[in-house]
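What the coordinates show
Here is how the chains run, residue by residue.
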Amino acid sequence: MVNDHFFDFSSEEMLSRRFAGKLLLRKEIPLSDHHFKQLLLRDQFKSMPAIVKHKFSYTCQRCHNRKLSLFANIPCYRCQMTHLYCRKCIHMGRIMSCEPLYYWTGKEPSWTCFDDPCTWQGTLTKDQQKAADQLIKAIKDQKRELLIWAVTGAGKTEMLFPGISEALKNGKRICLATPRVDVVYELLPRLQQAFSHVYIQGLYAGSDDQDASAQFLVATTHQLLRFKNAFDVLIIDEMDAFPYHADPSLPFAAKRARKNVSTTIYLTATPRKAQRIRVKKNELACQFVPRRFHGFPLPVPQFKMSFHLQKYLRTYKLPPTFFQWFKQRQKRQLLIFVPTRSLADHLAKNLQPFFQKHKTFATSVHADDLDREEKITSFRKHKFTILVTTTILERGVTFPSVDVVVIDAGHDVFDTAALVQIAGRAGRSPNDPTGEVIFIHDGKTKAMKWAVHFISMMNKRGGFK
C-alpha cells in the first residue's frame, strides 16, 4: 500500500479530484487502512459487490460480463477460501466475489474554468469549421450525442479544438478515448501542444499517469472500465474500430463513464451499419466532413492480381507483382500491411537483402512488439524507409508522405472499414497528397470492392469526379 504522503490528500477537494467518478478495488486506492476507514465511516466512500449472483448467472459490476464461461473459481489467499472471479476483465486486475468495488460519494470536484485554453495557432477549413461549430453547440446545449463523420485525413483532431476549448472554459471534465494505444501515443503530444497550459494525462496499460486525476484525459477505451459518472464530455475516437465495436463491455463502460447530463462525441471515417441506420432515422445527430483538409481527393486503391500469392506467403516471400510495382514507384516511405504478426516479422527479415540493394531499410511492427513505439518514432524520423505492419496502424496515425500496400487484401482480417482506413494513410500531406494504395490479392472480395466503392463515393460527395 502506498503511503498517504505520496499524494497530497490534505483536503476533500484533492480527494474528490483523485477518486470521484471511479470504480476501484481497495488495492487501487493508495490510502492507509486508517485513513480509508475514516472516509468509509464519513460516507465519503461506499462499496458495492464486485460480482452479483443471480438465480442462474452472475454479473461483473466492472465490465458487465454475464457469460458463465468467462467466470471461474480460484483459491483466495486472503480468505483461504475459493471464490469466483471474472475472466473477461482480468487484464484490468483480478476482480473477485470476496472483495467489493469502491466509489467516491463525498464532495464533487471543482474543475478549473480556463480563460483561453487553446494555444493552437492554425486555421480550420470551411468544412472543419462547420463540424467544430456543431461540436460547440452540442456541448453548450448538453446534447446527448453527436457523430462527426469525416473522411480519413480530414483533420478530425483539429476539429475538436474549439469544442474542447468550450468545455474547458466552462470547467467541464473531458475524456478522449480511443480503442488503440498507438492512437493515444499519437494524440497525447498533439493535444498537449495545442493546450499547453492544461494538464493532460495519458491513461493506458503501463502508462506513467495511472492516478487519472487530470481534468482532461486521453485514454484507451478499456480504461473506461474504471470510471462511473465521471465526464461531462466524452469523445470516442474511431468508434467503429476493433475492439470497441466488437466488445460489448466497452460501449457499456463508455455509457457508464459519462455523467447523467453530458455530451458524447463519436468520431470516425467509417461508421458501422448500426450508426448509419441511427443517422438515417434521425436518432443520432451527424455532421459530415467530405473533404480532406488539404482539398485533394482520397487515393483510390489499385487492385493487383497475384495468382500464386499464397504459395509465396507460405515461404514468407512476396510475389513478383509487388517487386514490379516497387521498382517503378516514387521514392516515398512505404507501409506494407499484412494479415498476421508472424508474416510481418518474417517478411521484414527475408526482404532485407532486396531492400538494402535499393538503399532502403525495413523493419516490422505489431501489437506484441515491445519496441513498437520506438520503431514507429524511428519511421517518422526516416530511420526506416519501409514498415511492415499489421492492422494496428490502420487508423489514427499520420505519416506525411507514404505509399501503402496491402498484402493478401482478401484476407478475412481486412474488412471494408479496415481497408478504407488503411488506404487513408496515404496522401495525407498537402505537400504530397497523391500517395499510391495497392491491394495485392489472389481474388477480389466483397470487402475490397466495397472499400473502393466507399472511397470513390466519399470523393464524389467531396466534389471530385
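This write-up is about the structure you can find in this document. (Residues numbered from 1 in each chain as written. Predicted model: local features only at pLDDT ≥ 70, side-chain atom pairs only at ≥ 80, totals over all residues. Heavy atoms only, no water.)

Along the chain, the regular secondary structure elements total 14 helices and 19 strands. Overall, the C-alpha framework of the chain stretches about 75 × 50 × 45 Å when taken along its three principal axes. Buried positions account for 56% of the 465 residues belonging to the chain. Taking contacts inside the chain between residues at least 6 apart in sequence as the whole, the part at least 24 apart equals 74%. Here the chain displays about 21,500 Å² of accessible surface, and carbon together with sulfur accounts for 52% of that area. Positive and negative charge centroids in the chain, built from 70 and 42 side chains respectively, lie 7 Å apart. (Helix = DSSP H or I, 4+ residues; strand = E, 2+ residues; numbered from the N terminus. Buried < 20%, exposed > 50% of the residue type's maximum accessible area, 1.4 Å probe, protein only. Contact = heavy atoms within 4.5 Å. Areas by Shrake-Rupley, 256 points an atom, 1.4 Å probe, with all protein chains shown as cover. Lys, Arg positive; Asp, Glu negative; His and termini not counted. Charge placed at Lys NZ, Arg CZ, Asp CG, Glu CD.)

Ranked by size, the top nonpolar core spans 105 residues in total, and within it Leu191, Phe195 and Leu224 carry the most contacts. Not counting residues up to four positions away in its chain, the partners in contact with Phe195 are Pro117, Cys118, Thr119, Phe161, Ile164, Ser165, Leu168 and Ile200. One finds Leu318, Trp325, Phe354 and Ile438 within the second-largest nonpolar core, a separate group that totals 24 residues. (Core = buried A, V, L, I, M, F, W, Y, C linked by side-chain atoms within 4.5 Å.)

It is worth spelling out the sheet that holds strand β16 (residues 362-365) at this point. Strand order in the open sheet formed by six strands is β14-β19-β18-β15-β17-β16, with parallel pairing between adjacent strands. In this open sheet, the two strands that pair with only one neighbour each are β14 (302-305) and β16. Taken over all neighbouring pairs, the strand axes of this sheet differ in orientation by 20° on average, direction set aside. Across four bridges, β14 lies against strand β19 (residues 437-441) in parallel orientation. What sits directly across from Gln302, in β19, is Ile438. Against the sheet, helix α13 (residues 416-423) makes contact with β15 (333-337), β18 (402-407) and β19, and its axis sits at roughly 155° relative to β18, the strand it touches most. (Pairing = 2+ DSSP bridges. Axes fitted to C-alpha atoms, helices over the stretch in contact; angles between N-to-C directions.)

Side chains carrying opposite charge are able to pair once their charged atoms draw close together. This structure, assessed with the given rule, holds 23 salt bridges. Here Asp182 makes a salt bridge to Arg372, at a shortest N to O gap of 3.4 Å. Here Asp182 is found in helix α5 (residues 181-194), whereas its partner Arg372 is found in helix α12 (residues 372-380), with 190 residues between them in sequence. Given a relative accessible area of 4%, Asp182 falls into the buried group. For Arg372, a relative accessible area of 12% puts it in the buried group. (Salt bridge = Lys/Arg side-chain N within 4 Å of Asp/Glu carboxyl O.)

Now for unusual backbone geometry. Phi at Gln142 is positive, roughly 55°, even though this residue is not glycine. Assignment of secondary structure puts Gln142 in the loop between α3 (126-140) and β7 (145-150). The phi dihedral of Asp408 is positive, around 60°, even though this residue is not glycine. Among the secondary structure elements, Asp408 is positioned in the loop between β18 and α13.

Ordered in space as β9-β10-β8-β11-β12-β7-β13, the seven strands form an open sheet in which the pairing is parallel. Sheet topology places β9 (200-203) and β13 (286-289) at the edges, where each strand pairs with a single neighbour. Across the sheet, the mean angle from the axis of one strand to that of its neighbour is 15°, orientation sign disregarded. The strands that helix α6 (residues 249-257) touches are β11 (231-237) and β12 (258-268); relative to β12, the one it contacts most, it runs at about 135°.

Topologically, Leu191 is positioned in helix α5. Note on Leu191: relative accessible area 0%, which makes it buried. C-alpha of Leu191 to C-alpha of Glu158: the two residues are 33 residues apart in sequence and 9.2 Å apart in space. Filtering out sequence-adjacent residues up to four positions away, Leu191 remains in contact with Thr157, Phe161, Ile164, Leu176, Ile200, Phe216 and Val218.

Viewed as axis vectors pointing N to C, α5 and α12 meet at an angle of 50°, and their least axial separation amounts to 11 Å. Classified by the interaxial angle, the pair formed by α5 and α12 is oblique. In this structure, α5 crosses over α12, and the sense of that crossing is right-handed. When α5 is examined against α12, the residues Val181, Asp182, Tyr185 and Glu186 are found in contact with a partner set consisting of Arg372, Glu373, Ile376 and Arg380. Broken down by class, the residue content of the contact of α5 with α12 amounts to three nonpolar, no polar and five charged. (Parallel < 35°, antiparallel > 145°, perpendicular 65-115°, else oblique. Left-handed = near helix turned anticlockwise from the far one by under 90°. Nonpolar A, V, L, I, M, F, W, Y, C, P; charged D, E, K, R; others polar.)

A separate point is the environment of Tyr58. By secondary structure assignment, the location of Tyr58 is in strand β3 (residues 58-60). Of the residues examined, Tyr58 reaches a relative accessible area of 24% and is grouped as partly exposed. Between the alpha carbons of Tyr58 and Tyr85 there is a distance of 10 Å; along the sequence they are 27 residues apart. Look past the residues within four positions of Tyr58 in its chain and what remains in contact with it is Ile51, Val52, Lys53, Asn65, Arg66, Leu68, Phe71 and Leu84.

This part takes up the environment of His245. By the secondary structure assignment, His245 is in the loop between β11 and α6. Once residues lying within four places of it in the same chain are set aside, the contact partners of His245 are Met239, Asp240 and Arg272. Of the polar contacts made by the side chain of His245, one reaches the side chain of Arg272; its length is 3.3 Å. (Polar contact = N/O pair within 3.5 Å; in protein donor to acceptor, adjacent residues only side chain to side chain.)

Here Thr363 is to be found in strand β16. Apart from the residues lying within four places of it in its own chain, the contact partners of Thr363 are Ala348, Lys375, Phe384, Ile386, Leu387 and Val388.

A separate point is the pairing of β15. Across the five residues that make up β15, a large majority, five, are buried. A two-sided burial pattern is seen for β15, the buried positions comprising Gln333, Leu335 and Phe337 on one face and Leu334 and Ile336 on the other. Alignment of β15 against β18, held across five bridges, turns out to be parallel. Bridged to Leu334 within β18 is Asp403.

Now for the pairing of β11. Across the seven residues that make up β11, a large majority, seven, are buried. Taken together, the four bridges between strand β8 (residues 174-178) and β11 define a ladder with parallel strand orientation. In the strand pairing of β11, Ile174 is matched with Val233. Relative to β12, β11 runs parallel, the two being bridged by six bridges. Considered in β12, the bridge of Ile235 is made with Ile265. Running through α6, the crossover from β11 to the neighbouring parallel element β12 is right-handed. (Right-handed = clockwise from strand over helix to strand, strands pointing away.)

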